[in-house]
Amino acid sequence: GGGEGTSLIDSAARMERSRQEELHEWKCSLVVSLLFTIPLFICHLISMHSSMNEGVDNNMTDGSPSSSVPPTRMDWLMLLLATPVQFGVGKRFYVSAYRGLVHGCTMGMDFLVAMGTSSAYLYSIIVFVLQLIAKSNGEYDASIMDLTPTFETGAWLITFVTLGKYLEAYARGKTAGALQTLMELQPVSATRAILPDDVLRMMKEVQSSEEMDAEEKNDNITKIFSKVHVNSLPTEEKDISEIRIGDFLLVLPGGRIPTDGMLVAREGTSKIDAAENNDGCAYIDESAFSGEPFPVAKRPGDSLYGASVNQLSVILIQVTATGSETVLSRIVRLVDEAQGNRAPIQAHADRIASIFAPCVMMLAVVTFICWAVFLDSSSGSVEERYVTALMSAISVVVVACPCALGLATPTAVMVGTGVGAVNGLLIKGGAVLESAFNVKTVVVDKTGTITTGRAVVGSKIEYVSQILKEGGDNGGWLKQLLSDLPATVRQSDAALWFACCAELRSEHPLGHAIINSGREIWGHDILKPTSRDRAAAKQTEELTISEFQVVPGKGVECTINNIGRNTSCQVRVGNRSWVTDDAEANTLSPGDITSQSDDDVRSLRTGGQIGVYVSVKTAAMNTFHIIGVIGILDPLKNEARSTIAALKNLGVEVWMCTGDHELTAHAVARKIGIDEDNVCSSVSPEGKADLIRRLQKRRVKGRHGRLVENRVAFVGDGINDAVALARSDVGIAIGAGTEVAVEAADIVLVRSQLHDVVVSLHLSRVVFDRIRLNFVWAMAYNLFAIPFAAGFLYPFTDWTLPPAFAGLMMAFSSVSVVMSSLLLRTYVKPTINDDGTMEERGCTRCTSCLIDRCYSCMFNMRMRGNTGDDNDDESLEMIAAIV
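Keep in mind that this is a model prediction, so the values were computed, not measured.

Visitor: Please explain the overall build of the chain as it appears in this structure.
Guide: When its secondary structure is counted, the chain shows 34 helices and 28 strands. Looking at the chain as a whole, 52% of its 883 residues are labelled buried. Contacts spanning at least 24 positions in sequence make up 72% of the contacts within the chain whose residues lie at least 6 apart. For the chain, the accessible area works out to roughly 38900 Å², and carbon and sulfur atoms hold 55% of it.

See the structure below:
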């Protein structure tokens with residue numbers, strides 16, 4: 001079992017090494033390409049400057065060529081610089097294109113890159129060789145010497161595409177990081193307890209018994225360990241890989257539980273256990289798995305998850321699962337599997353290229369045949385006709401090669417992610433933009449996402465006035481107690497003050513919420529309360545707290561000393577059974593304070609608050625009496641409601657999925673405007689991922705009214721959200737959340753503002769619209785340029801497009817796409833109003849509307865008479881098919 005645990009760590013480490021190796025390879029290729037391409041470009045500029053200053057005819061002296069006659073030393077240098085880029089850095093594209101042709105008979109973007117750069121390089125080599133032969137033979141034909149090699153064209157294209165591949169590899173490299181972060185939650189060592197032989201023997205008898213049910217076994221285990229002092233057990237430190245199922249582990253307060261197990265004993269305060277017949281329950285922080293901020297009370301026999309945190313007492317657990325069988329390991333596997341199913345946005349370009357490339361090749365062949373067969377013989381010799389035909393065919397390939405298609409995605413993604421970073425969004429790659437563009441459903445976590453994740457006091461219900469009004473014995477003792485309180489404690493706040501005194505030494509989050517609320521009223525020292533409008537009370541003797549007790553799963557108790565003539569009083573804060581005596585609870589009538597408090601607590605629970613009872617007992621009254629109820633809640637974020645409304649205005653369906661109680665979940669959903677049918681409560685991490693899968697299988701209406709696949713985004717912040725974040729099409733993590741969630745997510749909200757969820761979807765639509773515009777422009781530009789390259793105007797103008805000029809046109813296409821992408825820097829995020837309406841600014845709205853109008857027209861043409869399921873990307877394929 002332990003070996004399997006280490007294998008998971010090794011697997012994550014191997015994935016990280018593989019990612020680093022891939023990233024390193026692309027980085028080295030990019031660096032090498034830049035080292036050769038930048039000097040190549042400088043040489044090209046120098047060569048152009050030289051050719052502008054002096055012509056070839058002026059470089060001839062006495063019939064012998066000067067050093068400026070091509071091919072010059074600068075031409076030789078450019079050849080030497082371009083060749084390593086073409087066949088060294090470009091080797092990857094040649095291999096990928098070859099594999100695509102051999103194994104899948106497809107011509108993707110790699111084939112287009114190889115074809116376009118090879119054509120430009122081949123043309124340059126042909127020109128270079130012809131000029132070299134002419135120069136060596138002493139023949140200085142102007143038609144040959146005027147030709148210019150274009151070595152820099154292919155080198156720049158390979159450099160740009162390599163940059164895009166590097167960015168893609170960098171964006172893809174978060175999988176292993178998330179897995180490693182998850183694995184780091186598991187302790188690398190554990191403290192194994194050595195139990196006496198008689199205890200082990202009795203444990204085996206109980207666990208192997210077939211006559212006992214689970215409850216009886218737990219009771220017997222509790223009896224076995226009732227006489228065992230957990231702190232005095234001998235222990236030994238063991239590596240986590242050496243832990244086996246059945247071992248007993250000792251976990252100290254604040255320590256992480258090493259692996260999945262069962263609680264068998266807790267070292268508590270014997271006074272409490274004896275007085276309250278407590279069965280040794282312990283507080284365990286399972287927020288990593290449930291996402292809820294409040295620790296869970298665990299009793300002997302309850303299951304514990306590895307990597308959860310022990311809170312207050314020393315506990316003894318028996319290992320039930322190790323290695324790959326633990327809950328944490330299952331989460332790791334789910335994250336790994338989910339993040340492995342990601343399709344890059346370049347698939348669009350590959351699909352277009354698979355249609356476009358054969359068309360370009362056919363056009364080049366047709367151009368060559370037409371020039372070779374139909375060119376007038378009076379235009380030159382046969383060799384010249386074939387050279388002209390070859391140059392025209394190369395011009396067609398160069399100018400028609402949609403190199404801009406290969407730049408449309410990486411440039412827009414690079415600018416878009418930069419714009420996102422400026423606006424507080426970290427977007428991890430182009431695939432995220434594609435998926436976010438098509439999101440139709442958003443699932444949100446509750447704790448830490450919709451709410452702040454910090455417990456605060458909400459409602460304060462006091463029964464002091466009612467008890468005093470009723471009078472009698474109850475009113476007398478309470479009136480005397482109130483008169484002995486510090487002067488700054490009002491009657492309406494008496495229950496809160498008593499609760500603060502009881503919680504002063506508590507470490508429970510609910511206790512911290514009560515104390516924080518009290519300190520807002522009375523200052524830092526609760527026992528010496530002050531007020532804004534009252535001076536501090538002068539006590540004859542200083543108030544003190546004694547006999548503080550914590551009973552996990554029930555509440556706290558303390559004694560307040562030196563409180564007036566009563567000398568002292570006892571205070572209890574917690575659940576119903578804890579704050580009232582059993583004898584009193586059995587004699588209550590429906591109309592008394594206790595019955596009313598029960599109704600109030602149920603009402604608070606329905607409203608999403610946790611009700612905590614407060615009771616006191618003095619020397620005059622021998623029983624505890626409830627004097628108030630405090631409602632504690634996880635408050636909503638200010639922008640929660642407007643965010644949900646804005647998502648709905650975008651046409652997105654909103655769900656809420658949480659591990660919290662059903663009543664609390666529905667109360668929160670009602671407040672923020674989520675339909676109660678779209679609420680899932682008490683859900684485990686695996687359950688959240690299962691909900692994502694079920695939603696993804698649905699078919700919904702797309703932007704143009706057709707049924708499309710349902711793309712689902714998940715918004716979360718905790719470790720328990722990591723699986724859902726990875727399983728969803730777009731995982732959005734709150735920046736202030738856990739590192740695991742941030743690693744597993746596709747988009748990180750750095751500022752932790754919920755409005756940025758809407759901004760991220762809006763920005764993705766703007767960026768993806770720009771990518772689509774780049775695609776359309778690149779192909780339309782090629783459509784326009786192909787007739788000129790093929791010589792369509794030759795019969796009318798006696799002019800053909802030289803391959804060098806074709807290379808310039810291809811470069812202009814690429815530059816125009818880059819400039820189009822750079823215009824994304826003008827993006828201004830929309831303003832979201834309280835009612836969820838958005839105010840868009842800048843040219844974003846006009847551009848998006850124009851693109852949507854064009855695509856709607858194309859879809860209407862495409863879909864007449866057809867109601868089948870298609871993707872938005874088919875419009876791009878339709879354009880390519882027209883070409």
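Visitor: In this structure, what is going on with unusual backbone geometry? I would like to understand it.
Guide: For residues besides glycine, phi is generally negative; the peptide bonds are generally trans as well. Although it is not a glycine, Ala-307 sits at a positive phi angle of roughly 85°. Accessibility expressed as a relative area gives 2% for Ala-307, which makes it buried. Unlike most non-glycine residues, Ser-682 shows phi in positive territory, near 50°. Relative to the assigned elements, Ser-682 resides in the loop between β21 (679-680) and α27 (685-696). In this structure Ser-682 comes out as exposed when scored by relative accessible area, which is 53%.

Visitor: Even after reading the chapter, I still don't get the packing of helix α8 (residues 197-208) against helix α9 (residues 214-225), so can you show me in this structure?
Guide: Helix packing for two helices is described by the angle between their axes and how far apart those axes are. Where α8 contacts α9, the axes come no closer than 10 Å and their chain directions differ by 175°. On the basis of their axis angle, the class for α8 and α9 is roughly antiparallel. Residues Val-199, Met-202, Met-203, Val-206 and Gln-207 of α8 pack against Lys-217, Asn-220, Ile-221, Ile-224 and Phe-225 of α9.

Visitor: Help me out: how do you make sense of the sheet that holds strand β15 (residues 544-551) in this one?
Guide: The pairing of strands in a sheet comes from backbone hydrogen bonds and takes either a parallel or an antiparallel form. The strand order across the open sheet built from six strands is β14-β19-β18-β17-β16-β15, with neighbouring strands paired in antiparallel fashion. The sheet terminates laterally at β14 (456-462) and β15, the two strands that pair on one side only. For this sheet, the mean angle separating the axes of adjacent strands, direction not counted, is 20°. Pairing geometry for β15 and strand β16 (residues 555-561), over six bridges, is antiparallel. Note that in β16 the partner of Ile-545 across the bridge is Ile-560. Contacts from helix α21 (residues 509-522) reach β14, β17 (568-574), β18 (610-618) and β19 (625-633) within the one sheet, and its direction differs from that of β14 by about 75°. Helix α24 (residues 593-606) contacts β14, β18 and β19 of the sheet and is inclined by roughly 0° relative to β19.

Visitor: When you look at the nonpolar core in this model, what are you seeing that I'm missing?
Guide: Most often, soluble globular proteins have nonpolar side chains that are buried together. Within the largest apolar cluster, 73 residues are counted, with the highest numbers of intra-cluster contacts made by Val-442, Ile-450, Leu-647, Met-656, Ile-674, Val-730 and Ile-732. Looking at this core, the element that brings in the most residues is helix α30 (residues 755-790), giving 15 residues. Not counting residues within four places of it along the chain, the set of residues in contact with Val-442 comprises Leu-647, Val-652, Glu-653, Val-654, Trp-655, Ala-713, Val-715 and Leu-761. Among the nonpolar cores identified, the runner-up in size contains 51 residues, and Val-489, Leu-527, Val-551 and Val-579 belong to it.

Visitor: I tried to follow a nonpolar patch on the surface on my own but got confused; where do I start?
Guide: Side chains of Leu-34, Ile-38, Ile-42 and Ile-46 sit close together on the surface and give an oily, nonpolar patch of about 310 Å² of accessible area. Within the secondary structure layout, Leu-34 lies in helix α1 (residues 2-53). According to the relative accessible area criterion, Leu-34 is partly exposed, its value standing at 32%.

Visitor: Looking at this structure, I do not really get the packing of aromatic side chains. What am I missing?
Guide: The relation between two aromatic rings is expressed through the spacing of the ring centres and the mutual angle of the planes. Using the criterion set out here, one finds eight aromatic pairs in the structure. For the pair Trp-26 and Phe-93, a centre-to-centre distance of 6.4 Å together with 50° between the ring planes defines the contact as tilted. Highlighted residues: Trp-26 in helix α1 and Phe-93 in helix α3 (residues 91-104), separated in sequence by 67 residues. Among the residues examined, Phe-93 registers a relative accessible area of 2% and is labelled buried. Across the ring face of Trp-26, the terminal group of Arg-92 is positioned such that the distance to the ring centre comes to 4.2 Å. In this structure, Arg-572 is placed above the aromatic ring of Trp-578, and the distance from its NZ or CZ to the ring centre is 4.1 Å.

Visitor: For this particular structure, what's the right way to read the confidence of the model for the chain?
Guide: When pLDDT drops low, the exact placement of atoms in the prediction is not to be read closely. For the chain, mean pLDDT is 76; residues scoring 70 or higher make up 76% of the total. The weakest mean pLDDT in the chain belongs to helix α10 (residues 270-276) at 38; the strongest belongs to strand β20 (residues 653-657) at 93. Predicted confidence for residues 583-591 stays below pLDDT 50, and this span has 10 contacts to residues more than four positions away or in other chains. The low-confidence segment residues 861-883 (pLDDT under 50) makes 43 contacts with residues lying over four places distant or belonging to another chain.

Visitor: When you look at the sheet that holds strand β7 (residues 282-285) in this model, what are you seeing that I'm missing?
Guide: Strand order in the open sheet made by the three strands is β8-β7-β10, with antiparallel pairing throughout. Because the sheet does not close on itself, it has two edges, and the strands there are β8 (296-298) and β10 (309-310). Where β7 lies against β10, two bridges are found, and the strand directions are antiparallel. Paired with Ile-284 across the strands is Asn-310, a residue of β10.

Visitor: For this particular structure, what's the right way to read the pattern of salt bridges?
Guide: Working definition: two side chains of opposite charge can pair if their charged atoms are close together. On inspection of all chains with the given rule, the structure shows 17 salt bridges. Glu-557 is the partner of Arg-572 in a salt bridge, and the nearest nitrogen-oxygen pair spans 3.3 Å. With Arg-572 in strand β17 and Glu-557 in strand β16, this pair connects stretches of sequence that are 15 residues apart. Here Arg-572 matches Glu-557 in class, with each residue buried. Linking Arg-576 and Asp-598 is a salt bridge whose minimum nitrogen-to-oxygen distance equals 3.1 Å. On the criterion of sequence distance, the pair formed by Arg-576 in helix α22 (residues 576-579) and Asp-598 in helix α24 is long-range, its members being 22 residues apart.

Visitor: Teacher, can you tell me more about the side chain of Ser-435 here?
Guide: Within the secondary structure layout, Ser-435 lies in helix α16 (residues 430-437). Under the relative-accessibility criterion, Ser-435 is labelled buried at 12%. For Ser-435, the contacting residues outside a window of four places in its chain are Arg-711, Asp-729 and Val-730.

Visitor: Can you walk me through the environment of Thr-162 in this structure?
Guide: Among the structural elements, Thr-162 can be located in helix α6 (residues 151-172). Distance from Thr-162 to Phe-93, taken between C-alpha atoms, is 9.6 Å for residues 69 residues apart in sequence. Looking at Thr-162, its side chain comes within polar contact range of the main-chain oxygen of Ile-158, at 2.6 Å.

What counts as what
Residues numbered from 1 in each chain as written. Predicted model: local features only at pLDDT ≥ 70, side-chain atom pairs only at ≥ 80, totals over all residues. Heavy atoms only, no water. Helix = DSSP H or I, 4+ residues; strand = E, 2+ residues; numbered from the N terminus. Buried < 20%, exposed > 50% of the residue type's maximum accessible area, 1.4 Å probe, protein only. Contact = heavy atoms within 4.5 Å. Areas by Shrake-Rupley, 256 points an atom, 1.4 Å probe, with all protein chains shown as cover. Axes fitted to C-alpha atoms, helices over the stretch in contact; angles between N-to-C directions. Parallel < 35°, antiparallel > 145°, perpendicular 65-115°, else oblique. Pairing = 2+ DSSP bridges. Core = buried A, V, L, I, M, F, W, Y, C linked by side-chain atoms within 4.5 Å. Patch = residues over 30% accessible without salt bridge, like charges linked within 9 Å, V, L, I, M, F, W, Y side chains within 5 Å. Salt bridge = Lys/Arg side-chain N within 4 Å of Asp/Glu carboxyl O. Phe/Tyr/Trp six-rings, centres within 6.5 Å; stacked < 30°, edge-to-face > 60°. Lys NZ or Arg CZ within 6 Å of the ring centre and 35° of its normal. pLDDT = per-residue confidence, 0-100. Polar contact = N/O pair within 3.5 Å; in protein donor to acceptor, adjacent residues only side chain to side chain.

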